[in-house]
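# A closer look at the structure
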Amino acid sequence: MKKWLYFLFTALIFSSCSGVDDEVLGKDDEGSADDGGSDNVENELLVVNLNVKEAQKNIFDLVEFNIAPEKSMSIADLAEHYDSLVWKVSGLEGSYKVFEYTDYSSSFSFKWSHNFFIPGEYETFLLGYKDDKVIYSDTIPVKIADDKDFLGYNWKDIKGSIGHSVGYEDVLLEDNDIVTYQDMHQDTPSVVLSLWLNGHQDEQAFIRKSEKILSDYITSLYSSPIYDLTDDALLEKYNSLFTYKKENAHPQCIWLTPKSKIVLLKCYDKIFTNYFEYEIYAEPGEGF
């Protein structure tokens, strides 16, 4: 069920360098690289520490990571010791190549960002590989909470649309994007959560899969839906509970929490009536 969480986003904060053997890592403004380059690399392993800017965040918050060499080194120095540096997270699939060096190219990211979507305590790892073997590792924990009203939002903070959707960074798997959109309807704040296709997947297969992905995700956070398609009262409850009803949208199931009213919608296109997609729509709970 968690696999969907690794579908993500618009590119946010991370840098990548290619073909930059002369770039120096870890030197200060007045320092300089060793003139000898890789010929002067010491025999002992070069230590590259994994750091996180803030170790405690909420789901949908951006978590920023970076690497910090213990001493000045160039890309050539790094390549002398490692074929690649890879970032992984306990309990999550996928990985992110922080550094990779081949005979034909090189790439390096000094810092990168990632969004977490399930609360919990995670161990994040930086693994150094040489000849397909792990020869170095560093780890740092992060704690992800679910303390806001709905996903990454507090209802009181929503004053209207900001004019665009918000995308979220998943460097572990990048097949799909998850986006949210905030708005206001009749003085009622709202949030839409949806998946956008990003890659070479079959569009219709992706749409069908997105229904389960979205439903399973909300259930993982807030328990099973109160109403679904097996309930005769589903449409009646949808009409009475929600302030805004999107045109050509049909409720599939409804979750109720102390803070939020949440519905999975099957939304048909106004022109191409055979085309549809799924989204999660939420408004404040009855207590707000």
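Residue numbers here run from 1 along each chain, matching the order of that chain's written sequence. Residues qualify for local features only when their pLDDT is at least 70, as the model is predicted, and side-chain atom pairs are given and counted only at 80 or more; totals for whole chains, interfaces and linings, by contrast, use all residues. Side-chain measures here rest on the full set of heavy atoms in the structure, leaving out hydrogens and waters.

## Digging into the overall build of the protein chain
Basically, it comes down to this: Each helix corresponds to a stretch of at least 4 residues labelled H or I by DSSP, and each strand to a stretch of at least 2 residues labelled E; elements are numbered beginning at the N terminus. Throughout, exposure labels follow a simple rule: accessible area from a 1.4 Å probe, protein chains only, divided by the maximum for the residue type, with under 20% read as buried, over 50% as exposed, and the rest as partly exposed. By definition in these notes, contact holds between two residues if any of their heavy atoms fall within 4.5 Å. Reported accessibility uses the Shrake-Rupley method at a 1.4 Å probe radius. Residues are deemed covered only where the shown protein chains occlude them.
When you go through the protein chain residue by residue, the secondary structure sums to three helices and 19 strands. When the 288 residues of the protein chain are sorted by exposure, 45% land in the buried category. Here the contacts in the protein chain between residues at least 6 apart in sequence split such that 65% fall between residues at least 24 apart. Accessible surface, the protein chain: about 15000 Å² in total, of which carbon and sulfur atoms supply 46%.

## Examining the sheet that holds strand E10 (residues 111–115)
Let me state the cut-off plainly: Should DSSP find at least two bridges between two strands, the strands are taken to pair. The angle between two axes is taken between their N-to-C directions and runs from 0 to 180 degrees, where each axis is a line fitted to C-alpha atoms and a helix contributes only its stretch in contact.
Reading across the sheet, the three strands line up as E3-E5-E10 and stay open at both edges, with antiparallel pairing between neighbours. The strands lining the two open edges of the sheet, one partner per strand, are strand E3 (48–52) and E10. On average, adjacent strands in this sheet sit at an angle of 25 degrees to one another, irrespective of strand direction. Of the strand pairs in this sheet, strand E5 (residues 62–69) and E10 are connected by five bridges, and their pairing is antiparallel. Following the sheet pairing, Asn-66 is matched in E10 by Lys-111.

## Let's talk about the packing of aromatic side chains
Our working rule: The aromatic pairing rule takes the rings of Phe, Tyr and Trp, using the six-membered ring of Trp, and pairs them if the centres are within 6.5 Å, calling planes under 30 degrees apart stacked, those over 60 edge-to-face and the rest tilted.
Evaluation of the coordinates by the stated rule reveals 16 aromatic pairs. An angle of 50 degrees between the planes, with centres 4.8 Å apart, marks the rings of Phe-65 and Trp-87 as tilted. Here Phe-65 is found in strand E5, whereas its partner Trp-87 is found in strand E7 (residues 84–89), with 22 residues between them in sequence. Here Phe-65 and Trp-87 have matching classes, each one buried. On the numbers, 5.0 Å between centres and 40 degrees between planes, the contact of Phe-116 with Tyr-122 is tilted. This pair shows no difference in class: Phe-116 is buried, exactly as Tyr-122 is. An aromatic cluster of three or more residues is present, and its members are Phe-65, Trp-87, Tyr-96 and Trp-112.

## Quick word on unusual backbone geometry
Its identity is not glycine, yet Phe-60 carries a phi of approximately 75 degrees, on the positive side. If you trace the backbone, Phe-60 turns up in the loop between strand E4 (56–58) and E5. Here Asp-187, not a glycine, exhibits a phi torsion of approximately 65 degrees, which is positive. The topology assignment puts Asp-187 in the loop between strand E14 (176–185) and strand E15 (188–197).

## Some details on the pattern of salt bridges
What counts here: What makes a salt bridge here is a side-chain nitrogen of Lys or Arg within 4 Å of a carboxyl oxygen of Asp or Glu, nothing more.
Inspection of the entire model under this criterion finds 10 salt bridges. A salt bridge links Lys-270 to Glu-247; the nearest nitrogen and oxygen atoms lie 3.7 Å apart. With a gap of 23 residues between them, Lys-270 in the loop between strand E18 (260–268) and strand E19 (276–284) and Glu-247 in the loop between helix H3 (234–241) and strand E17 (249–256) connect regions that are remote in the sequence. Across the salt bridge formed by Lys-261 and Glu-286, the nearest N and O atoms sit 3.7 Å from each other. Of this pair, Lys-261 sits in strand E18 while Glu-286 sits in the segment after E19, and the two are 25 residues apart along the sequence. According to the relative accessible area criterion, Lys-261 is buried, its value standing at 8%.

## Digging into the pairing of E3
On a regular strand, one side chain projects to one face of the sheet and the next to the other, so that they alternate. Side-chain alternation along E3 places Val-48, Leu-50 and Val-52 on a buried face and Asn-49 and Asn-51 on a face that remains uncovered. Sheet topology note: the E3/E5 ladder contains five bridges and is antiparallel. Residue pairing across strands places Val-48 opposite Pro-69, the latter belonging to E5.

## Notes on the nonpolar core
Short version of the rule: Definition used in this section: a nonpolar core is a set of buried Ala, Val, Leu, Ile, Met, Phe, Trp, Tyr and Cys residues joined via side-chain atoms within 4.5 Å.
Counting 60 residues, the largest nonpolar core has Trp-87, Phe-150 and Tyr-217 as the members making the most contacts within it. Leaving out residues up to four positions away in the same chain, Phe-150 has contacts with Trp-155, Val-191, Ile-218, Tyr-222, Ser-260, Ile-262, Ile-280 and Ala-282. Ranked by size, the runner-up nonpolar core spans 12 residues in total, among them Leu-234, Tyr-238, Cys-267 and Tyr-281.

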